[in-house]
Amino acid sequence: MKFIRKNLKKDILLYLLLALLALFLTVYARSRNSLFAIPINSSLSTLPTEKSLFTTPNGELYEWSDVKIGAGGFVTGLVIHPTVPDIVYARTDVGGVFRWNPANQTWKQLLRADNVPHQTPINIESVAIAPSNPNILYAATGAYTKTDEKGVTPGTLLKSSDRGNTWQVLNLKLPMGGNEPWRWTGERLAVDPNNTSVVYFGSRLDGLWHSEDSGASWNQVSPSMVPLGEPHPETDRRAGVTYAVFDPSLGTVDGKTKVIYAGVSGKGIYRTTDAGTTWQLLSGGPSTDLVPQQGALTKNGELITTFYRQQDDSRGGVWKFARDSWQNITPEQGKNYSAVAVDPNKPDTIFVVTYPMTPNGVYRSDNGGANWVSLKNRLDKLPWWPSWSFWSLSGGIAVSPFHPGQVWLTNGIGVWQTENGYDNQVKWSAAVNGIEETVTFDAISTPDGASLITAIADFDGFRHESLSSFPKKSHENEVFNTTTSIAYSSKNPNFVVSVGASHHEPWVRRAGFSTDNARTWQNFPSIKKKTHPDDLVFGNVAVSATNTKNIVWQPSNSKPPYFTKDRGATWQKISFFEQQEIGSNIHSHLWNRQQALAADSVQGGTFYLYHQEKGLLLCTRDGGETWKVANNTLPSRIWNGANLKSAPGMAGEVWVSLKEQGLYRSSNFGQDFVKVAMVEEAQVLGFGKAAAGTSNPTIFIQGKVEGNSGVFRSIDLGATWVRVTDYPDRYYGESRVLVGDMNVFGRVFLGTGGNGFIYGQPSKLTQKISP
């Protein structure tokens, strides 16, 4: 630049550059969509993750990002655009919709608090692309078809005209089951390849619907033509209309594709040949009591569809409908099948996957289903993924139209990709960077130890050696375990306890302790000896600050708590609740987000319990043997989401967050509680490292302070608060866990109900350029 003379001092030039950088970052962060790129690294474990910046009211930049775990949930389906390269979308049962970025091999979450008009479920029933317009994307969202506790059942139908960057809410409100059985069936949403104004949606309870004005208005196809569907004997959750597929090979009528297929549970496959005016059952094929799973069309107009039935023995199948007749092309009898895909460039090449998925359950035919090979699969999986990663729920399979041999596959742990799908020996690689889909239960940060140790559903949890690399192992590799609570002894942070079990088989427990800061674990002796109380499962756990043999366990299912003084060799039921006739409805259900138990961080043998049914704070000073009601003034009936925490290093300092009822503090072992001023809502609560020059820990909450929502930090025990983000990394789902880092001031971890853990910290860039 001409105005910079060569004789200017280097330090002045450097100052100007830093000042410009500071200005740029501040403006960029305040745009609320601020993202910055990270150099691409060829190592999967260090590939970039999207980050965001938030400017606090005091001008501090907070950087937010995912804690890298690597999927860990059911990716229920995947669609690839047929005419534009590398447009790939993945849908999940609890974690939202993701779009693939081929440039840096990452996925981007598309349902965020800053791009959806209002909060909507991130349980995805179906997604659909418009074959003739690569920018159009539809998503059907909703978790359960049954009425929730607020009397709400309808799902939400969304539409994007810019590939998921922004969304509009459509007016079709139907019950959806993105986290119910049959969430692995085909895409219920479909857009006419010849007319983007025509959209179909197959619902679970209310039949087939269609729109002819790009989703602005909807009409039901008469159930006399396309029935609603029958329930299946295995589940009371209905599958309904499981998929809709357009066949463009036979042309159009009035500008709309003539031929459309719809699969209906327990009723068969229906077809229209006049663009939806009339529909007929395709008879003469598979039994109508089967549940159609997914459907795929070849370029030649052949429908390949998979079926499920489970009564005494599996007798699903794979059938082909061609030239108005059915042909059974099932690879192997006695199995159920779900995922199906046809190679867009090789119409006789078909892939199918059994349900559930097994290592021998991925098949390919190169002659239209006349013969099949069971693929021999080699797995290039993440380090912590178990060896049984292919023994799982099966989701979707898709073949790239632009990369010969490239096949995508989804299942209960994530997304897989291969470049040699035409071979019989197939190498599948994990393709999950950017997808985080675990449901969190608890987390701790230990002083002078691990900054983050987590407890999650299904895959146990991790000691996170790095926040930006995938973990090498879970707490106990190879187990299917939901860990619901984790805690450490304040005077001996290397001693950590956790409780959990398989939520499908709760008698199979993985609950015990670690003496090396969660590096290795052993089950409680009572579990090893098979003397463990039947009631003692899931729930919350706490360990004495001074005695690692003294542990209190509050189980789930409204059972009374137990305590041990021999490190879990024997357990004694606490009879106080029955004796006082106050009941033991403290932790009502496994999936209820309740942290009702805590140990005092200084005084040994002191434990606290929040009794949600009565609004009581109970306390013991002798390790659990005797209890008393310390306080009866707390709000009651907070049965899903109360958080009871003791402040690190402060004897008798007890805090309770009670969602919309606010935040409460006691400084005398729970005898008196004061509602914290300014805090109108506290969904989750946690403590972190003290700020420089202070002795008390930093407090974090996610909730609402003086009318503002977000994550807040206080360094003066709640007297003042600083908002460190409005939404944590734009996530608007349920916040389940909050914990501050005990080793790094200002860093805070937030556990979500479907996108793992998110963390925020003061930006290093801010620290470097601040005067």
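Worth saying up front: this structure is predicted, and the values here are computed from it rather than measured.

What counts as what
- Residues numbered from 1 in each chain as written.
- Predicted model: local features only at pLDDT ≥ 70, side-chain atom pairs only at ≥ 80, totals over all residues.
- Heavy atoms only, no water.
- Pairing = 2+ DSSP bridges.
- Helix = DSSP H or I, 4+ residues; strand = E, 2+ residues; numbered from the N terminus.
- Salt bridge = Lys/Arg side-chain N within 4 Å of Asp/Glu carboxyl O.
- Buried < 20%, exposed > 50% of the residue type's maximum accessible area, 1.4 Å probe, protein only.
- Contact = heavy atoms within 4.5 Å.
- Axes fitted to C-alpha atoms, helices over the stretch in contact; angles between N-to-C directions.
- pLDDT = per-residue confidence, 0-100.
- Core = buried A, V, L, I, M, F, W, Y, C linked by side-chain atoms within 4.5 Å.
- 1 Å grid on protein atoms, 1.4 Å probe; cavity = no way out; pocket = protein on both sides within 12 Å on 5 of 7 lines; lining within 4 Å.
- Points joined across faces, edges and corners; volume = space filled by probe spheres on them.
- Nonpolar A, V, L, I, M, F, W, Y, C, P; charged D, E, K, R; others polar.

Side note on the sheet that holds strand S28 (residues 373–374)
Reading across from one edge, S25-S26-S27-S28 is the order of the 4 strands in this open sheet, with antiparallel pairing throughout. Only two strands of the sheet have a single neighbouring strand rather than two, namely strand S25 (337–343) and S28.

Some details on the pattern of salt bridges
What the rule picks out here adds up to 26 salt bridges. When the shortest N-O distance is used, the salt bridge between Glu125 and Arg204 registers 2.8 Å. Taken together, the residues span a long stretch of sequence, with Glu125 in strand S7 (residues 124–130) and Arg204 in the loop between strand S12 (199–202) and strand S13 (208–211) at a distance of 79 residues. Between Asp289 and Arg315 there is a salt bridge, with the nearest N and O atoms lying 3.6 Å from each other. Residue Asp289 is found in the loop between strand S18 (280–281) and strand S19 (291–297), and its partner Arg315 is found in the loop between strand S22 (313–314) and strand S23 (317–322); the two are separated by 26 residues along the sequence. Overall, the relative accessible area of 33% leaves Asp289 in the partly exposed class. Taking the relative accessible area as the measure of exposure, Arg315 reaches 38% and is therefore partly exposed.

Looking at the environment of Gly615
Residue placement: Gly615 occurs in the loop between strand S45 (607–611) and strand S46 (616–620). Each C-alpha atom of the pair Gly615 and Asn632 lies 6.1 Å from the other, and the pair is 17 residues apart in sequence. Non-local contacts of Gly615, meaning those with residues more than four positions away in its chain, are made with Tyr610, Asn631, Asn632, Thr633, Leu634, Pro635 and Ser636.

Notes on the sheet that holds strand S20 (residues 303–308)
One open sheet holds the 4 strands; their spatial order is S19-S20-S23-S24, and the pairing between them is antiparallel. Single-partner strands in this sheet number two, and they are S19 and strand S24 (325–328). Strand-to-strand, the axes of this sheet are offset by a mean angle of 25°, without reference to chain direction. By the bridge criterion, 5 bridges tie S19 to S20 in an arrangement that is antiparallel. Looking across to S20, one finds that Pro292 is bridged to Phe307.

Topic: the confidence of the model for the protein chain
Segments scoring low in pLDDT should not have their predicted coordinates read at a detailed level. Chain-level statistics for the protein chain give a pLDDT mean of 91 and a share of 92% at 70 or above. Under a pLDDT of 50 for its full length, residues 1–48 has, in the predicted model, 57 contacts with residues more than four places off or in other chains. pLDDT under 50 marks residues 766–771. Its contacts with residues more than four places away, or in other chains, come to 6 contacts.

Overview of the nonpolar core
Leu78, Trp107, Trp385, Trp408, Leu409 and Val415 are the most contacted members of the largest nonpolar core, which has 49 residues in total. Judged by nonpolar contacts, the second largest core, of 29 residues, contains Val79, Tyr89, Val97 and Ile122.

Observations concerning empty space enclosed by the protein
Using a probe with the size of a water molecule, rolled over the atoms, empty space left in the structure can be pinpointed. Going through the model one piece at a time under the given rule, you end up with 2 cavities of 30 Å³ or more. Of the pockets and cavities examined, the largest cavity occupies roughly 480 Å³. As for the largest cavity, its lining consists of 29 residues, of which Ile444, Ala487, Tyr488, Lys645 and Ser646 are closest to the centre. The class makeup of the residues in the lining of the largest cavity is 17 nonpolar, 9 polar and 3 charged. Reported here for the second largest cavity is a volume of approximately 60 Å³. Lining the second largest cavity are Phe441, Thr484, Gly539, Asn540, His587, Leu590, Asn592, Arg593, Gln594, Gln595 and Arg736. Across the lining of the second largest cavity, the residue classes tally to 2 nonpolar, 7 polar and 2 charged.

Section: the environment of Trp182
Within the element layout of this structure, Trp182 appears in the loop between strand S10 (168–169) and strand S11 (189–191). Between the C-alpha atom of Trp182 and that of Val291, which follows or precedes it by 109 residues, the distance is 9.3 Å. Setting aside residues no more than four positions away along its own chain, Trp182 makes contact with Arg188, Arg204, His232, Thr235, Arg237, Arg238, Ala239, Val291, Gln293 and Tyr308.

Considerations on the pairing of S13
Both faces of S13 are covered, namely the face carrying Leu208 and His210 and the face carrying Trp209 and Ser211. Relative to S13, S12 runs antiparallel, the two being bridged by 4 bridges. Residue pairing in the sheet places Phe201 in a bridge with Trp209 of S13. Taking the residues between adjacent antiparallel strands as the criterion, S12 and S13 are bridged by 5 residues, where Gly207 takes a positive phi near 80°.

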